[in-house]
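Listed here are the chains, written in short residue letters.
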Amino acid sequence: MSREALVFYSPVDSSAAWREALTAELPDLDFRVDPEVGDPADIRYALVWLPPRGFFARFPNLQLVTNLGAGVDALLGRDDLVPVRFSRLNDPGMTAMMTSYVVFAVTRYARDIPVFERAKRRGVWDYVHPRPLADIKVAVLGLGELGAPAARALAGMGYTVTGWSRSPKDIPGVASETGREGLERVLADNEIIVSLLPLTPDLRGILGAREFARMPKGAKFINASRGAVVDEAALIGALRSGQVAEATLDVFETEPLPPDHPFWTLDNVLITPHLASITVPKLAARDVAQSIRRMRQGLAPLHEVDPARGY
Ligand code: NDP
Ligand code: OXD
């Protein structure tokens, strides 16, 4: 009879912090860190972020893969995944951090901060009269676990907020749009557009030349979800022409962003290195432990992902 173990793999998250947080919840858990996995047949659970190709094929008794984050695009469609259950993390720390990033990026534009950053570099007192927040229309594309709280926070601050999602939503202070026609309206009506869309086959490249042209001239774009929801060449064209005046980009089609990428040369682009939000082990471990307990009882894990839906 083999033992029941969990394998941890992440190039960015601390295995020590996760071991401590998870074994505090589940003292009997045999927590192993790749590549020290012992007998691969012991592995029932995987807690992973961006594991290399071939990773899962080694574990014949794997039952549950938990993504160390929200976006599961890098896990789905792999050829080394045996049919297992998938879950994602959904912890309050990750949500709070994403909301703070979106509020920062939107407010930076709403309060004309890039204008003052440039004026300071030129040594110029460049007064721009502030506009009431209610006059500033912001769209949040994707109203999921992260998008909905960000939209709610923006609305709570006084912005005029519309969200776009697959199904209609009822979020206080946030107008709801769905479908292709809804997207067309959202793009045309809002001066600040935030993407919190997952990278699914449907949404790959959803924001291209046509969509940037539809935005009001001088729109601001914030992408904190996945680079490939955007056609980067089209965005660069729009940023060069001024159709899109400014962009804040945390995510890119290729990461790390290659040194010769045109985004680096654009003065109207703020680049952050994919850290809009991270998972906080102490806060997320409870759900991971609960999912393992549920699996032991033959129940579905928490925050299960439907591979067919893609998010
Ligand atoms: P969720 O899966 O909870 O929500 C996804 C949202 O997108 C839902 O509102 C869903 O609609 C909507 N959606 C999906 N498909 C479509 C479609 N075809 N048309 C319109 N709307 C659609 O995701 P999260 O909110 O948790 O996270 C969003 C993304 O943020 C993640 O997938 C990940 O890529 C990224 N992320 C980035 C981080 C960073 O540090 N930069 C950190 C964490 C996440 P509905 O509600 O109707 O299902
Ligand atoms: C995530 C991310 O999807 O950090 O959680 O990008």
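As the structure is a prediction and not an experimental result, all values here were calculated from the model.

What counts, and where the lines are drawn
Residues numbered from 1 in each chain as written. Chains lettered and ligands numbered in written order. Predicted model: local features only at pLDDT ≥ 70, side-chain atom pairs only at ≥ 80, totals over all residues. Heavy atoms only, no water. Helix = DSSP H or I, 4+ residues; strand = E, 2+ residues; numbered from the N terminus. Rg over C-alpha atoms; globule rule 2.2 N^0.38 Å. Buried < 20%, exposed > 50% of the residue type's maximum accessible area, 1.4 Å probe, protein only. Contact = heavy atoms within 4.5 Å. Areas by Shrake-Rupley, 256 points an atom, 1.4 Å probe, with all protein chains shown as cover. Lys, Arg positive; Asp, Glu negative; His and termini not counted. Charge placed at Lys NZ, Arg CZ, Asp CG, Glu CD. UniProt positions renumbered as here; feature names shortened; annotations may be inferred. Polar contact = N/O pair within 3.5 Å; in protein donor to acceptor, adjacent residues only side chain to side chain. Near = heavy atom within 4 Å. Nonpolar A, V, L, I, M, F, W, Y, C, P; charged D, E, K, R; others polar. Pairing = 2+ DSSP bridges. Axes fitted to C-alpha atoms, helices over the stretch in contact; angles between N-to-C directions. Core = buried A, V, L, I, M, F, W, Y, C linked by side-chain atoms within 4.5 Å.

Observations concerning the overall build of the protein
No. 1: On a plain count of helices and strands, the protein comes out with eight helices and twelve strands.
No. 2: Over its C-alpha trace the protein gives a radius of gyration of 21 Å, about what one expects of a compact globule, namely 19 Å for 311 residues.
No. 3: C-alpha atoms of the protein, sized along the principal axes, occupy 70 × 45 × 35 Å.
No. 4: When each of the 311 residues of the protein is scored for burial, the buried share is 50%.
No. 5: Sequence separation of 24 or more characterises 62% of the internal contacts of the protein that already satisfy a separation of 6 or more.
No. 6: Accessible surface, the protein: about 14500 Å² in total, of which carbon and sulfur atoms supply 55%.
No. 7: Mean positive and mean negative side-chain charge positions of the protein (35 and 38 charges, respectively) differ by 3 Å.

Section: the UniProt feature "domain: D-isomer specific 2-hydroxyacid dehydrogenase NAD-binding" (unreviewed entry) in the protein
No. 1: Per the UniProt record, the feature "domain: D-isomer specific 2-hydroxyacid dehydrogenase NAD-binding" (unreviewed entry) sits at residues 106-276.
No. 2: In the segment residues 106-276, helix accounts for 31% and strand for 20%; the C-alpha atoms at its two ends are 13 Å apart.

A look at the environment of Arg 294
No. 1: Looking at the element boundaries, Arg 294 is found in helix α8 (residues 281-296).
No. 2: Distance in space between the C-alpha atoms of Arg 294 and Ile 222 is 38 Å, their sequence separation being 72 residues.
No. 3: For Arg 294, the contacting residues outside a window of four places in its chain are Leu 299, Ala 300, Pro 301 and Leu 302.
No. 4: Of note is the side chain of Arg 294, whose polar atom sits 2.5 Å from the backbone oxygen of Ala 300.

Quick word on the site of ligand 1
No. 1: Around ligand 1, 29 residues are found, and the nearest of them are Arg 88, Ser 167, Lys 169, Asp 250 and Tyr 311.
No. 2: Here an oxygen atom of ligand 1 sits 2.7 Å away from a polar atom, N or O, in the side chain of Tyr 311.
No. 3: Against a free-state accessible area of 930 Å², the protein chains account for coverage of 92% of ligand 1.
No. 4: Of the residues contributing to the shell around ligand 1, the split by class is twelve nonpolar, nine polar and eight charged.

Remarks on the sheet that holds strand β4 (residues 64-67)
By definition, the strands of a sheet pair up through backbone hydrogen bonds, in either a parallel or an antiparallel sense.
No. 1: Reading across the sheet, the five strands line up as β2-β1-β3-β4-β5 and stay open at both edges, with parallel pairing between neighbours. Edge positions in the open sheet fall to β2 (30-33) and β5 (85-87), since each of these has one partner strand only. For this sheet the average axis-to-axis angle between neighbouring strands, irrespective of direction, equals 20°.
No. 2: The pairing of β4 with β5 spans three bridges and is parallel. Bridge pairing in β5 places Thr 66 opposite Ser 87.
No. 3: On the sheet, helix α1 (residues 15-25) packs against β1 (5-9), β2 and β3 (43-48) and is oriented at approximately 170° with respect to β2.
No. 4: Against the sheet, α8 engages β1, β3, β4 and β5, with an angle of about 155° to β3.

Re the site of ligand 2
No. 1: If you check the shell around ligand 2, you find Trp 49, Gly 69, Ala 70, Gly 71, Arg 226, His 274 and Ser 277 and nothing else.
No. 2: Bound to the protein, ligand 2 loses 84% of the 210 Å² it would expose on its own.
No. 3: Taken together, the residues that form the shell around ligand 2 break down as two nonpolar, four polar and one charged.

Describing the nonpolar core
No. 1: In terms of nonpolar packing, the biggest core is built from 49 residues, with Leu 6, Trp 18, Leu 22, Val 106 and Leu 154 touching the most fellow members.
No. 2: For this core, the secondary structure elements donating two or more residues are β1, α1, β3, α2 (92-110), β6 (137-141), α4 (147-157), β9 (192-195) and α8.
No. 3: Among the elements that make up this core, the one with the highest residue count is α2 (nine residues).
No. 4: Ranked by size, the runner-up nonpolar core spans 32 residues in total, among them Leu 141, Ala 219, Ala 228 and Leu 239.

Brief notes about the sheet that holds strand β10 (residues 219-223)
No. 1: Read across the open sheet, the seven strands follow the order β8-β7-β6-β9-β10-β11-β12; overall the sheet is parallel. Edge positions in the open sheet fall to β8 (174-178) and β12 (269-271), since each of these has one partner strand only. Taken pair by pair, the neighbouring strands of this sheet meet at an average axis angle of 15°, ignoring direction.
No. 2: The pairing of β6 with β9 spans four bridges and is classified as parallel. Counterpart to Val 138 in the pairing with β9 is Ile 192.
No. 3: Sheet contacts for α2: β6, β9, β10, β11 (244-249) and β12; angle to β11, the most-contacted strand, approximately 155°.
No. 4: Set on the sheet, α4 makes contact with β6, β7 (160-165) and β8; between it and β6 the angle comes to about 170°.

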